[in-house]
Amino acid sequence: MSYHSKRVLTSIFFSCCLVLGYAFYVFRLNPEISHDLIAWSRVVLVFIGIGIIGSIILHILTVISYTIKISVKDSELSETDVDRVVNSTLIEDEMDKMISLRASRIGYFVSGFSGILAIAALASGVAPFVAFHIILAGFMIGNLVEGAISIYLYEKGVQYG
């Protein structure tokens, strides 16, 4: 499995942990489900902040572990050679951009479809906080689909044309 696939896989794992943490907070620590959208928005903003900080830390740890792996695996390489190998892996080329574009297009479609579902739910008389969670679930599913498509395309390859 390539470095890019492992990076996406760790990102998916972190996203799943974040969603499970949100679900645990909502259903275990806050059992009385209110219809107050302001409270829900504040909780979601806190989890978005946790997600951003966690993603940055995870990315740094992934690069560090990859660098350590390369230096241990090829112990005869000098420090500059290890830097060159790591930098050549981390540079985004045309294939990476193509994979990112294809995966994000599908992920955005899934996320956008959740918005349509939320509007349809509101039109059918569902409570607004349910529509809010439909949108959140759509973003989460869109993120997972985008990651799965990225891994598939990194392992299979991209066909131009």
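Scroll up to find the structure.
Residues numbered from 1 in each chain as written. Predicted model: local features only at pLDDT ≥ 70, side-chain atom pairs only at ≥ 80, totals over all residues. Heavy atoms only, no water.

1. A closer look at the side chain of serine 5
Here serine 5 is to be found in helix α1 (residues 3-29). We classify serine 5 as buried; its relative accessible area is 0%. The contact partners of serine 5, leaving out residues within four places of it in the chain, are Ile151, Tyr154 and Glu155. (Helix = DSSP H or I, 4+ residues; strand = E, 2+ residues; numbered from the N terminus. Buried < 20%, exposed > 50% of the residue type's maximum accessible area, 1.4 Å probe, protein only. Contact = heavy atoms within 4.5 Å.)

2. Focus on the packing of aromatic side chains
Scanning all chains against the criterion turns up five aromatic pairs. Each ring, one from tyrosine 3 and one from tyrosine 66, has its centre 4.6 Å from the other, and the planes form 45°; the classification is tilted. Here the residue tyrosine 3 occupies a position in helix α1, and tyrosine 66 occupies one in helix α2 (residues 37-73), the gap between them amounting to 63 residues. Under the relative-accessibility criterion, tyrosine 3 is labelled buried at 8%. Between tryptophan 40 and phenylalanine 129, the aromatic rings sit 6.3 Å apart at their centres with planes inclined by 5°, giving stacked as the arrangement. Of this pair, tryptophan 40 sits in helix α2 while phenylalanine 129 sits in helix α5 (residues 128-156), and the two are 89 residues apart along the sequence. Judged by its relative accessible area of 6%, tryptophan 40 is buried. Counting every residue linked through ring pairs, the aromatic cluster contains Tyr22, Tyr25 and Phe47. (Phe/Tyr/Trp six-rings, centres within 6.5 Å; stacked < 30°, edge-to-face > 60°.)

3. Observations regarding the nonpolar core
Of all hydrophobic cores here, the largest spans seven residues; its members are Tyr22, Val26, Trp40, Val43, Val44, Phe47 and Phe129. Of all elements in the fold, only α1 and α2 reach the threshold of two or more residues within this core. Per-element accounting of this core gives the leading share, four residues, to α2. In contact with valine 43, other than residues within four places in its own chain, are Tyr22 and Tyr25. (Core = buried A, V, L, I, M, F, W, Y, C linked by side-chain atoms within 4.5 Å.)

4. A short note on α5
Helical geometry: 3.6 residues make up each α-helical turn, so side chains three or four residues apart lie on a common side. Compared with the 42 Å implied by 1.5 Å per residue over 29 residues, the 41 Å span of α5 between its first and last C-alpha is a close match. A positive phi of about 105° marks glycine 157, the residue just after α5. (Expected span 1.5 Å × (residues − 1).)

5. Overview of a nonpolar patch on the surface
Among the surface-exposed residues, Leu45, Ile48, Ile52, Ile53, Ile56, Ile57, Ile60, Leu61, Ile64, Ile68 and Val72 lie close enough to one another that they form a single nonpolar patch of about 1,100 Å² accessible area. By the secondary structure assignment, valine 72 is in helix α2. (Patch = residues over 30% accessible without salt bridge, like charges linked within 9 Å, V, L, I, M, F, W, Y side chains within 5 Å. Areas by Shrake-Rupley, 256 points an atom, 1.4 Å probe, with all protein chains shown as cover. Salt bridge = Lys/Arg side-chain N within 4 Å of Asp/Glu carboxyl O.)

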